[in-house]
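Coordinate inspection notes
So you can see what is in the structure, the chains are spelled out below.
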Protein chains: 2
Amino acid sequence: MRVLAKELKNAAERGEKNIELSGWIHRIRELGAVNFIVLRDRSGLVQLVLDKKYDVPPLESVITVRGDAALNEKTPGGAELRVSSLECLSRAAADMPFQVNADVTRTGIEAVLDQRALSLRNPAIQAIFKTQATIIEAFSAYLREQSFTEIKTSKLVSGGTEGGTNLFEVEYFDRKVYLAQSPQCYKQTLVASGLERVFEVAPAYRAEKHDTPRHLNEYVSLDLEMAFIESEKELIELEKGILARIFEEIARKNSGELELWKKNGASVPEPSAVFTAPVISYEEAVKIANEESAKKKGVRIFDINPDAERYVCEWALREKGIDLVFINEFPRRHRPFYTYPLDAALTMSFDAIFRGIEITSGGRRQHDYAAQLEVLPRFGIKPEGMEDYLSIFKYGCPPHGGFAIGLERLTAKIFGLSNVKEASLFPRDRKRVTP
Amino acid sequence: MRVLAKELKNAAERGEKNIELSGWIHRIRELGAVNFIVLRDRSGLVQLVLDKKYDVPPLESVITVRGDAALNEKTPGGAELRVSSLECLSRAAADMPFQVNADVTRTGIEAVLDQRALSLRNPAIQAIFKTQATIIEAFSAYLREQSFTEIKTSKLVSGGTEGGTNLFEVEYFDRKVYLAQSPQCYKQTLVASGLERVFEVAPAYRAEKHDTPRHLNEYVSLDLEMAFIESEKELIELEKGILARIFEEIARKNSGELELWKKNGASVPEPSAVFTAPVISYEEAVKIANEESAKKKGVRIFDINPDAERYVCEWALREKGIDLVFINEFPRRHRPFYTYPLDAALTMSFDAIFRGIEITSGGRRQHDYAAQLEVLPRFGIKPEGMEDYLSIFKYGCPPHGGFAIGLERLTAKIFGLSNVKEASLFPRDRKRVTP
């Protein structure tokens, strides 16, 4: 019976004999009379002690060993295995183009991504994605508890909801379709159907040509939409609840993972602090950003651009003790056509800015058919071809709204990663389509 | 404070006054002195009783009503609301092209799919997708309990893993990429990384030109892959555990949903019966299918085709009491290049056939680099361009395997739907790319 690395100490304490471990050779240390191997499995690292008589296969080879365990506080996990048999299940070639057991927090991003199949073997890199799995789980669980239904909608659409630019074209038999930029129409369709509350975790696509540390051409969107809200404020409260749950679950399950990136500042905010995050209007946010910019002799801020996002978070951390800010009441011109108006100039919309970057955009949506029809021309959109979408509102649609959290951005900010691509298993950008 | 339809009886029993309900007008019945409305919300249906003085908006309009509740065993939920105020939040147009409150189990599939935004309002159609959400939840929860990590991999790939045919082409800036047919390479990469056990719930694409009740060009694949297995038999045991959990959760949460399709035979097998499902070899399966075919004076069966899938399930239901069959030991020629050999002719592979249709294909994978290289030419595949994939095996890869469950097929069979498209929220086929 195989035992996992993290279970060895318990097995040692119980006095179990002839224990079996399987995993990857993470590190080899030759020392006088014996060799030491650090073995890696899905649960972590564990030390093996081997007599010199054993041939040690190259790093990253997969082995199964048997032996008796001994407590040893100096080893990872607090126990080691004295090996009495070794079987090599898969011998690694010696020409490995990536050092798996290096400190990857110091390795350049290009090497890490070019050698993705190998860099994913590094425990610090795995830590990012084990934690990302916790984010998805916590997001989904929190919403299910509030009677949201999980949905899976098509990623092949006949047009864009965000204005028709930045779409990837797909050859679909004898016609062209596009990769969905968001499940916006579909979320609204399902809210209007009477499901009322829906969420989706799925890829989203933006054919943006610029290549920045903030952008991915394919990202995972944590999307939700809900009926019977009066304003974006209820959505902000919901997002606070979601983020608090995510941070709570990460603190509970992934403290070891965060520890590996400690020197990058990896951490999650106190869950309770999330509820104290300030909600400020777009106008206030621009004002605060300008005050912060002036202090640093920076340029004048006219809009919530990346500089402004950093400034408002610095302000919030200093003044409110958390670097999470909700900005609401964006001007009409900054939001999609389907955003619900607050007045002639402003909208019931919001962004969430976490540690200097926008992680969420959302708001209440227009649910009135006549108002929706009226607004389209002002956004240069023709109602022709929008019939399916418009029919949502024509036949009874409750007041509703929603938002999306960018999974990779949230993950990157938790780990203190400087590039969002590091938080995508197989990132896609202008140049990168492999592996 | 809003009360949900299903909570009204409790509120009535507690003697609450001036209760608020919100939802869609599902049905209107005019009767002498009063009108009756059946109101639909996310929790179900509830009856409203209104004085004639109220103007009743058209069907599907969204309203908020207030009033006192009264117990009434003849109504859905066992209580009704005597309305004392009615507000119309969204008035539906009267020219509705789909009758939402009809018996959709008798409506043709084309009308249901053409009018998807409206047909999704029907409780029986919603039932399919509420139950589908339970499948996703149960699949994910079961695997997390067994230390599987959830992954999200790219759907844009530079080539296909299933032989390079049936790929949808995407215009990706100045080059062409393809929509992923499965996360096969990525699952294997992550298993080989040391994560060992991974799962993904994501869209998969097949550019198959034929349009059948069994096929979707875009479907949701419940994928998993795990390390340190010896044969496909461990995967079959795992799938039995997963299916038993899914059926258990559906029986617990969605009995009301199944009830709406009772006359189509909607049901889930007894969870415990799943563990008794027969595992037969490909050779046996062909033999059984031929025996069944002969009984019905059918044609000779040479392969596990759709007819054979139906026949082996009929056999299993009659002989073993469950219409679920696992077929293993498929001949080499029927399986992808990466399948692990059992001997010169057969492979460690399997399919799961449920109620007459294949819902799963999987198996142990080749993990040996030299053996993988050797087999490629026999499948007409050149190692050039496969370097990323092959590097998985070159640098230490444990024995492993996995499988995928087709979400829509499983859902369709649970509800007794004759076309898998009915189990996709927004299905894509040769002709259909909207809504």
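Details of the structure are given in the entry above.
This text gives an overview of the structure that appears in the document.

Calculation criteria
Residues numbered from 1 in each chain as written. Chains lettered and ligands numbered in written order. Predicted model: local features only at pLDDT ≥ 70, side-chain atom pairs only at ≥ 80, totals over all residues. Heavy atoms only, no water. Contact = heavy atoms within 4.5 Å. Buried area = accessible area lost by both parts, 1.4 Å probe. Salt bridge = Lys/Arg side-chain N within 4 Å of Asp/Glu carboxyl O. Polar contact = N/O pair within 3.5 Å; in protein donor to acceptor, adjacent residues only side chain to side chain. Pairing = 2+ DSSP bridges. Helix = DSSP H or I, 4+ residues; strand = E, 2+ residues; numbered from the N terminus. Buried < 20%, exposed > 50% of the residue type's maximum accessible area, 1.4 Å probe, protein only. Axes fitted to C-alpha atoms, helices over the stretch in contact; angles between N-to-C directions.

1. What about the interface of chain B and chain A?
- Listed by partner, the interface residues are 90 residues for chain B and 90 residues for chain A.
- Here chain B meets chain A over a buried area of about 7,600 Å², counting both sides, of which 62% is carbon and sulfur.
- There are eight salt bridges connecting chain B and chain A.
- Linking A:Glu196 and B:Arg2 is a salt bridge whose minimum nitrogen-to-oxygen distance equals 2.7 Å.
- In this assembly, chain B and chain A are joined by 46 residue pairs in polar contact (both at pLDDT 80 or more).
- Both strand β8 (residues 169-172) of chain A and strand β8 (residues 169-172) of chain B contribute to a ladder of three bridges, which runs antiparallel. Each bridged residue has a counterpart across the sheet, and for A:Glu169 the counterpart in β8(B) is B:Glu171.

2. As for unusual backbone geometry
Residue and element names in this part refer to chain A.
- Here threonine 434 and proline 435 are connected by a cis peptide whose omega angle stands at -15°.
- For proline 435, the location among the structural elements is in the segment after α13 (407-415).
- The residue phenylalanine 173 is not glycine, and still its phi comes out positive at about 50°.
- Assignment of secondary structure puts phenylalanine 173 in the loop between β8 and β9 (175-179).
- Phi is positive for glutamate 196, close to 70°, though the residue is something other than glycine.
- Relative to the helices and strands, glutamate 196 is located in the loop between α5 (184-195) and β10 (197-205).
- Classification of glutamate 196 as buried rests on a relative accessible area of 0%.

3. What to know about the pairing of strand β14 (residues 349-354) of chain B
All names here are of chain B.
- Counting buried residues along β14, six of its six residues qualify, which places the element largely inside the surrounding structure.
- Residues Ser349, Asp351 and Ile353 of β14 are buried on one face, and the alternating residues Phe350, Ala352 and Phe354, pointing to the opposite face, are buried as well.
- As paired elements, β14 and strand β15 (residues 357-365) share six bridges and run antiparallel to each other. Residue pairing in the sheet places isoleucine 353 in a bridge with glutamate 358 of β15.

4. Section: the sheet that holds strand β4 (residues 62-71) of chain A
- Spatial strand order, β1-β2-β3-β5-β4 (chain A): five strands in a closed barrel with mixed pairing. Strand after strand, the sheet turns through a mean of 50° between neighbouring axes, direction not considered.
- In terms of strand pairing, strand β1 (residues 19-31) of chain A meets β4(A) through six bridges, oriented antiparallel. Bridging from a neighbouring strand, A:Leu21 pairs with A:Val65 of β4(A).
- Contacting β1 and β2 (34-41) of chain A, helix α5 (residues 184-195) of chain B crosses the sheet at an angle of about 65° to β1(A).

5. A word on the pairing of strand β1 (residues 19-31) of chain B
Residues and elements named next belong to chain B.
- Pairing between β1 and strand β2 (residues 34-41): seven bridges, direction antiparallel. The residue of β2 that forms the bridge with isoleucine 25 is leucine 39.
- Hairpin connection between β1 and β2: a loop of two residues separates the two successive antiparallel strands, and glycine 32 in this loop has a positive phi of roughly 40°.

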